[in-house]
Amino acid sequence: MTQIVTDTLKILSESDKEACETARITANEPISNKKRLFIESYGCQMNFSDSEIVASVMKEAGFATTSDVNDADLIFLNTCAIRDNAEQKVRIRLQHLNAIKRRKPGLLIGVLGCMAERLKTKLLEEEKMVDIVTGPDAYRDLPRLVEEAETGQKAVNVFLSREETYADISPIRLNSNGITAMISIMRGCDNMCSFCVVPYTRGRERSRDPESIVAEARQLFDQGYREVTLLGQNVDSYKWTAENGSEKDNSVNFAQLLERVALVHPDLRVRFSTSHPKDITDQVLYTIKRYDNICNYIHLPAQSGNSRVLELMNRTYDRAWYLERIDRIRAILGEDCGISHDMIAGFCSETEAEHQDSLSLMEYVKFDFGYMFVYSERPGTPAAKKYKDDIDPETKQRRLTEIISVQRRLSLERNQRAIGKVHRVLIEGTSKKSAEQFSGRNDQNKVIVFPKENYQVGTYVNVLVTECTSATLKGHAV
Ligand code: SAH
Ligand code: SF4
Ligand code: F3S
């Protein structure tokens with residue numbers, strides 16, 4: 001189950017909460033005489049997926065996970081650096097942990113992930129209670145780093161690799177419902193969106209061996225999982241070429257990988273994130289169409305609806321290109337295909353008219369869902385070096401509010417289309433709001449709740465949708 005650290009969230013503003021950088025913590029393993037590890041993860045799905053690699057590495061080194069921070073001998077915060085508020089949240093959390101550490105002197109604290117990579121040893125200078133700093137490509141080294149820290153030294157490894165994919169490490173599923181799981185198919189990013197810190201925190205793009213991806217999907221299916229999400233910063237640029245092989249005969253692109261995973265079993269749903277407008281191909285769209293178990297849902301971040309701003313952002317597509325991709329999605333996959341987006345409000349020099357272009361793009365596409373943010377300047381990025389962060393905070397916030405309110409209306413409109421239709425739902429668990437209801441998702445990634453009756457978690461059920469809000473569909477099994 002996803003858990004939210006409410007005490008850190010309380011102090012955040014509404015816009016921070018919108019950023020959905022909620023924390024997830026490790027599960028409790030049965031009491032043992034092993035040393036106890038507590039992992040708290042922030043940021044994107046890639047980070048949550050990495051925490052499962054970390055748990056696996058540390059289990060090999062003799063640690064057991066705990067869900068109680070007070071019980072831990074070792075605490076890892078797997079951090080995000082995407083916006084300033086993501087980092088502030090970690091800083092505040094570190095203050096809390098410091099209080100625990102004062103009561104428990106042997107306790108070790110490690111900062112992992114993107115903030116660790118961004119700040120490197122500076123983090124040790126700024127946060128005295130931190131013992132270990134580890135970047136996203138150095139998790140195999142964690143047992144050694146912990147040993148080093150146990151001798152009282154500070155331990156750091158922020159080396160970024162060109163090869164590391166952790167392909168051979170079997171992740172320990174954390175916060176798992178036993179039904180849906182993430183599979184990391186690539187790491188890093190070679191795009192240089194001017195606002196974005198990811199290329200600096202996660203390094204060069206590299207794709208994971210397709211055999212190991214398919215094997216992981218098959219193993220998950222055999223364990224009872226019924227949905228996998230293939231993860232990468234830009235899944236459409238997935239490319240793997242066999243060693244010594246010529247590109248033509250031996251390379252696998254994203255569409256081909258999708259197909260291979262879909263072939264694992266017709267009852268295994270396949271999702272993927274994130275698609276990039278410049279790279280998503282018709283071949284990918286036709287592959288989605290060909291396999292019923294590849295979900296009709298595409299997360300296609302726009303970032304802006306204005307071509308000048310997109311150019312400043314170095315997104316390498318313009319408004320017309322983005323809309324052409326949307327038209328292709330609709331032409332190949334139909335009006336019902338779920339489409340979501342990311343949007344940034346108040347990027348450097350964005351005018352009122354350019355902001356209106358973002359709103360009109362949203363109206364054109366009729367997005368089902370969106371992740372929407374105010375621009376947050378990240379030190380060292382091309383935008384920070386080249387452009388002035390000149391939109392005042394009130395204007396940014398107002399533009400974001402407008403974007404969010406358009407999205408709410410569009411989400412409601414799109415959900416209303418689902419009313420009166422029967423949807424195939426994979427049951428994921430009991431609804432958070434009612435013990436008598438199950439919650440699951442349809443093909444388009446929409447959450448549907450319905451009375452449990454005698455249905456079972458992990459099975460598919462046809463649900464007639466009878467009502468909705470902008471966030472949820474409601475109905476009953478038929
Ligand atoms: N690889 C994905 C997104 C990764 S980051 C892609 O290219 O779409 C997730 C989202 O955070 C981005 O899509 C963007 O909307 C947002 N984001 C990234 N950097 C940001 C910044 N400096 N300020 C505000 N939002 C940002
Ligand atoms: Fe960042 Fe752009 Fe890469 Fe996404 S594609 S991770 S926004 S640089
Ligand atoms: Fe954050 Fe790193 Fe993901 S910066 S969004 S955790 S790739």
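Quick notes on the rules
Residues numbered from 1 in each chain as written. Chains lettered and ligands numbered in written order. Predicted model: local features only at pLDDT ≥ 70, side-chain atom pairs only at ≥ 80, totals over all residues. Helix = DSSP H or I, 4+ residues; strand = E, 2+ residues; numbered from the N terminus. Rg over C-alpha atoms; globule rule 2.2 N^0.38 Å. Buried ≥ 20, exposed ≤ 12 C-beta atoms within 10 Å, placed from the backbone. Contact = placed C-beta atoms within 7 Å. Near = placed C-beta within 6 Å. Nonpolar A, V, L, I, M, F, W, Y, C, P; charged D, E, K, R; others polar. Domains from an automatic or database assignment. Core = buried A, V, L, I, M, F, W, Y, C linked by C-beta atoms within 7 Å. UniProt positions renumbered as here; feature names shortened; annotations may be inferred. Pairing = 2+ DSSP bridges. Axes fitted to C-alpha atoms, helices over the stretch in contact; angles between N-to-C directions. Arc of directions from axis to C-beta. pLDDT = per-residue confidence, 0-100. Parallel < 35°, antiparallel > 145°, perpendicular 65-115°, else oblique. Left-handed = near helix turned anticlockwise from the far one by under 90°.

(A) The arrangement of the overall build of the protein chain in detail. In terms of helices and strands, the protein chain carries 17 helices and 22 strands. Scaling as 2.2 N^0.38, a compact globule of 478 residues should have a C-alpha radius of gyration of about 23 Å, and the protein chain matches this with 22 Å. Dimensions of the protein chain, computed from C-alpha atoms along their principal axes, come out at roughly 60 × 55 × 55 Å. Within the protein chain, the proportion of its 478 residues that are buried is 45%. Looking at the protein chain alone, contacts between residues at least 24 apart form 71% of all its contacts between residues at least 6 apart.

(B) View of the site of ligand 3. By nearness alone, 13 residues border ligand 3, and G43, C44, C80, I82 and C114 come closest of all. Elements supplying a minimum of two residues to the shell around ligand 3: α3 (45-60), α5 (113-119) and α8 (198-202). With three residues, α8 is the largest single contributor of residues to the shell around ligand 3. Of the residues that constitute the shell around ligand 3, the class distribution is eight nonpolar, four polar and one charged. For the shell around ligand 3, the two domains that each supply at least three residues are domain 1 (6-157) and domain 2 (180-416).

(C) Structural detail: the site of ligand 2. By nearness alone, every residue bordering ligand 2 is listed as C189, N191, C193, C196, V198, P199, Q233, N234 and H276. Partitioned by chemical class, the residues of the shell around ligand 2 number five nonpolar, four polar and no charged.

(D) Seen up close, the nonpolar core. Counting residues in hydrophobic clusters, the biggest one holds 109 residues, and the most contacted among them are L258 and V261. The greatest single-element share of this core, amounting to six residues, is contributed by helix α11 (residues 254-262). Both domain 1 (6-157) and domain 2 (180-416) contribute no fewer than three residues apiece to this core. Apart from the residues within four sequence positions on either side, L258 is in contact with V270, F272, V284, T287 and I294. Within the second largest apolar cluster, 12 residues are counted, among which are A418, I448, V463 and V465.

(E) Region of the structure containing the UniProt feature "domain: MTTase N-terminal" (unreviewed entry) in the protein chain. Mapped onto this numbering, the UniProt entry annotates "domain: MTTase N-terminal" (unreviewed entry) at residues 35-151. What you have in residues 35-151 is 49% helix and 21% strand, and the ends, taken at the C-alpha atoms, are 16 Å apart.

(F) Examining the domain arrangement of the protein chain more closely. Domain assignment breaks the protein chain into domain 1 (6-157), domain 2 (180-416) and domain 3 (422-477). Between the C-alpha centres of domain 1 and domain 3 there is a distance of 34 Å.

(G) Here's a closer look at the sheet that holds strand β15 (residues 297-299). An order of β15-β16-β17 is seen for the three strands of this open sheet, with the pairing classed as parallel. The open sheet terminates on both sides in strands that have one partner only, identified here as β15 and β17 (369-374). If you compare each strand with its neighbour and ignore which way they point, the axes differ by 10° on average. As paired strands, strand β16 (residues 338-345) and β17 are joined by six bridges and run parallel to one another. Of the residues in β17, the one forming a bridge with M343 is M372.

(H) Structural detail: the UniProt feature "binding site: [4Fe-4S] cluster 2" (unreviewed entry) in the protein chain. The positions that UniProt labels "binding site: [4Fe-4S] cluster 2" (unreviewed entry) are, in the present scheme, C189, C193 and C196. Along the chain, the position of C193 falls in the loop between β9 (186-187) and α8. Sequence-distant contacts of C193, that is, excluding residues within four places in its chain, are made with M313, N314 and R315. By the element assignment, C196 lies in the loop between β9 and α8. When the 22 C-beta atoms within 10 Å are taken as the criterion, C196 is described as buried.

(I) Region of interest: the sheet that holds strand β11 (residues 227-231). If you trace the three strands from one edge of the open sheet to the other, you get β8-β11-β14, paired in parallel fashion. A strand with exactly one partner marks an edge of an open sheet, and here the two such strands are β8 (180-184) and β14 (269-273). Between one strand axis and the next, the sheet turns through 25° on average, direction left out of account. The pairing of β11 with β14 spans five bridges and is parallel.

(J) Highlighting unusual backbone geometry. Residue T274 is bonded to the preceding S273 through a cis peptide linkage, with omega at 10°. Positive phi is not limited to glycine here, since E453 has a value of about 45°. E453 gets classed as exposed once you count the C-beta atoms within 10 Å, which come to 10.

(K) Highlighting the environment of R424. Checked against the element boundaries, R424 lands in strand β18 (residues 422-430). With 53 residues separating them along the chain, R424 and A477 place their C-alpha atoms 9.6 Å apart. Leave out the neighbours within four places in its chain, and R424 touches N442, D443, Y460 and N462.

(L) Looking closely at helix α7 (residues 142-150). Listing the buried residues of α7 in full gives L142, L145 and V146. Considered in projection along α7, the buried side chains sweep an arc of 100° and stay on one side of the axis. Phi turns positive one or two residues past the end of α7, at G152, with a value near 100°.

(M) Region of interest: the confidence of the model for the protein chain. Predicted confidence across the protein chain gives a mean pLDDT of 93, with 94% of residues reaching 70 or more. Confidence over residues 1-21 falls short of pLDDT 50; this stretch has 32 contacts with residues more than four positions distant or in other chains.

(N) Highlighting the packing of helix α12 (residues 282-290) against helix α14 (residues 319-333). Two numbers describe how α12 lies on α14: the axes approach to 10 Å, and their chain directions differ by 30°. Compared by their axis directions, α12 and α14 come out roughly parallel. As for the relative orientation of α12 and α14, their crossing is right-handed in sense. Within the contact between the two elements, α12 uses D282, L285, Y286, I288 and K289 and α14 uses R328, I329, I332 and L333. Broken down by class, the residue content of the contact of α12 with α14 amounts to six nonpolar, no polar and three charged.

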